[in-house]
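The chain contents come next:
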Amino acid sequence: MTNTQLTHVQIDNYGPWTVTPEPRREVDLQTLQSRLYADLAQFFGNRGGYTFFTRFDNMIAVSNGSSMEDHATLQESIRNRYPVTMSLSVATGQTPAGALATATEQLQDAGSAQDKSRREILRGRHIDDEFRTDEDLRIAHFDVNDATGKYTDQLSEFDTFIRIEQGYASLMKYMRQAYDSLSFFVGGDNIIAVCPEMDAAAYQDAIDHVRADVGVELKVGVGEGRRADEAGMAAKHALEECRATGADVELDC
Ligand SMILES: Nc1nc2c(ncn2[C@@H]2O[C@H](COP(=O)(O)OP(=O)(O)OP(=O)(O)O)[C@@H](O)[C@H]2O)c(=O)[nH]1
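Residues numbered from 1 in each chain as written. Predicted model: local features only at pLDDT ≥ 70, side-chain atom pairs only at ≥ 80, totals over all residues. Heavy atoms only, no water.

- Going by an unreviewed UniProt entry, the protein carries the name GTP cyclohydrolase III and comes from Halapricum desulfuricans.
- One UniProt comment on the protein, placed under Function (unreviewed entry), says "Catalyzes the formation of 2-amino-5-formylamino-6-ribofuranosylamino-4(3H)-pyrimidinone ribonucleotide monophosphate and inorganic phosphate from GTP. Also has an independent pyrophosphate phosphohydrolase activity." (UniProt positions renumbered as here; feature names shortened; annotations may be inferred.)

If you want it as structure tokens, here you go:
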């Protein structure tokens, strides 16, 4: 049984900050957001976690391996180094969508994202070490078939971007609705999905859906582990297996 621990990261009162006392330069917001993301990716990554930038003002981390104390340390470090603070809400669940729903509700219960007095909320619970297992996480690494030959070397970069984003949009919606999974674009032609237990037929179904919906062909490798890095690395090896065998789906779990 999977037991996913997710952290909903939200920059406090960020909307008003971006326009106070007057609109801040976009380039400075871009730099701030990408540095914050890099810091979070490294902080959770050092503890075996994966962080996804999603909307940058809100981010999602697969945080199995990070305790509530670790989260408090992260908040302090951000407060000391950035002009903004962040709220963190941690939740666990048998499905990633379920865990994230709980994390988000905890944050919404504490007040609005644009409430001046709601700062550095830290809510939720981590999975105690004694309850953690090697089957807590399932990570699926999706990749567009021959993106280089079909798109990158053929189309303008923007038209390639449209194809890849259409594949991502179709997959993220379907995986969310049909399988309670959360899928994130991670660059190039790659999408990483955090999943509950699913069999090969379910992954094939998602790939078939995206092909029928938007004409983008995917393959996927799936791995499991105690932490995101372990499950994610197993998924990457399974994806290499797809490349070797020509299969659409390879499960290493
Ligand atoms: N984030 C991330 N990006 C990757 C990874 N592997 C490849 N990429 C990016 O994806 C681009 C496409 O690479 P591939 O997916 O290997 O190439 P392809 O043309 O689709 O060929 P096949 O996948 O073998 O069908 C690369 O140029 C990288 O930018 C990965 O593991 N993670």
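Next comes the rest of the account.
1. Considering the layout of surface pockets
No. 1: Size it by volume and the largest pocket reaches roughly 390 Å³.
No. 2: Taken together, 17 residues make up the lining of the largest pocket; nearest its centre are Thr 54, Ile 60, Leu 100, Leu 182 and Phe 184.
No. 3: Contributing elements (two or more residues each) for the lining of the largest pocket: strand S3 (58-62), helix H4 (96-109), helix H6 (157-179) and strand S7 (182-187).
No. 4: Looking at the lining of the largest pocket element by element, the count peaks at four residues for H4. (1 Å grid on protein atoms, 1.4 Å probe; cavity = no way out; pocket = protein on both sides within 12 Å on 5 of 7 lines; lining within 4 Å. Points joined across faces, edges and corners; volume = space filled by probe spheres on them. Helix = DSSP H or I, 4+ residues; strand = E, 2+ residues; numbered from the N terminus.)

2. Details of H4
No. 1: Helix length check: H4 (14 residues) gives 20 Å between terminal C-alpha atoms against 20 Å at 1.5 Å per residue, within 8%.
No. 2: Residues Pro 96, Ala 97, Ala 99, Leu 100, Ala 103, Thr 104 and Leu 107 constitute the buried set of H4. Looking straight down H4, one finds that the buried residues subtend no more than 160° of arc, so they occupy a single side.
No. 3: Summarising the contacts, the buried residues of H4 are in contact with strand S1 (4-11), S3, strand S4 (86-93), H6, S7 and strand S8 (190-195). (Expected span 1.5 Å × (residues − 1). Buried < 20%, exposed > 50% of the residue type's maximum accessible area, 1.4 Å probe, protein only. Arc of directions from axis to C-beta. Contact = heavy atoms within 4.5 Å.)

3. Considerations on the site of the ligand
No. 1: Around the ligand sit 15 residues in total, of which Asp 143, Asp 146, Thr 148, Lys 236 and Arg 243 are the nearest.
No. 2: Between the ligand and Asp 143, the relevant distance is 2.6 Å, taken from an oxygen atom to a side-chain nitrogen or oxygen of the residue.
No. 3: Taking Ala 147, its main chain carries an N or O atom lying 2.9 Å from an oxygen atom of the ligand.
No. 4: Considered on its own, the ligand offers 630 Å² of accessible surface; in the complex 57% of this is hidden by protein.
No. 5: Those elements that provide at least two residues to the shell around the ligand are strand S6 (137-144), helix H5 (147-152), S7 and helix H8 (228-245).
No. 6: If one sorts the elements of the shell around the ligand by residue count, S6 sits on top with three residues.
No. 7: Classifying every residue of the shell around the ligand gives three nonpolar, six polar and six charged. (Near = heavy atom within 4 Å. Polar contact = N/O pair within 3.5 Å; in protein donor to acceptor, adjacent residues only side chain to side chain. Areas by Shrake-Rupley, 256 points an atom, 1.4 Å probe, with all protein chains shown as cover. Nonpolar A, V, L, I, M, F, W, Y, C, P; charged D, E, K, R; others polar.)

4. Re the domain arrangement of the protein
The extent of an interface is frequently quoted as the accessible surface area lost upon association of the parts.
No. 1: Here the domain parsing of the protein yields domain 1 (4-131) and domain 2 (137-252).
No. 2: Here domain 1 and domain 2 have C-alpha centroids that lie 25 Å from each other.
No. 3: Around 1,400 Å² of area is buried between domain 1 and domain 2 when both sides are counted, 76% of it from carbon and sulfur atoms.
No. 4: Per-residue buried area on domain 1 facing domain 2 is highest for Tyr 50, Phe 52 and Pro 96; these three make up 37% of the total on that side.
No. 5: Our enumeration of links across domain 1 and domain 2 arrives at three residue pairs in polar contact (both at pLDDT 80 or more).
No. 6: Breaking the side of domain 1 that touches domain 2 down by element, the ones donating at least two residues are S1, strand S2 (50-52), S3 and H4.
No. 7: Looking at the side of domain 1 that touches domain 2, the element that brings in the most residues is H4, giving three residues.
No. 8: Across the side of domain 1 that touches domain 2, the residue classes break down as nine nonpolar, seven polar and two charged. (Domains from an automatic or database assignment. Buried area = accessible area lost by both parts, 1.4 Å probe.)

5. A word on the pairing of strand S9 (residues 218-225)
No. 1: For S9, the buried fraction is high: seven of the eight residues fall into the buried class.
No. 2: In terms of strand pairing, S6 meets S9 through eight bridges, oriented antiparallel. Pairing of Asp 143 across the sheet is with Lys 219, part of S9.
No. 3: Where S9 lies against strand S10 (residues 249-252), four bridges are found, and the strand directions are parallel. Note that in S10 the partner of Gly 223 across the bridge is Asp 252.
No. 4: The parallel pair S9 and S10, bridged by H8, forms a crossover whose chirality is left-handed. (Pairing = 2+ DSSP bridges. Right-handed = clockwise from strand over helix to strand, strands pointing away.)

6. Here we look at the environment of Val 27
No. 1: Position of Val 27 among the secondary structure elements: in helix H2 (residues 26-45).
No. 2: A C-alpha to C-alpha distance of 38 Å links Val 27 and Gly 225, two positions 198 residues apart in sequence.

7. A look at H8
No. 1: The terminal C-alpha atoms of H8, which comprises 18 residues, lie 25 Å apart, in line with the 26 Å expected from a rise of 1.5 Å per residue.
No. 2: All buried positions along H8 are accounted for by Ala 228, Ala 231, Gly 232, Ala 234, Ala 235, Ala 238, Leu 239 and Cys 242. Each buried residue of H8 lies within a common arc of 160° when the element is viewed along its axis, so the set occupies one face. Exposed positions of H8 whose direction lies more than 90 degrees from the buried face are His 237 and Ala 244.
No. 3: Where H8 is buried, its residues meet S2, S3, S6, S9 and S10.

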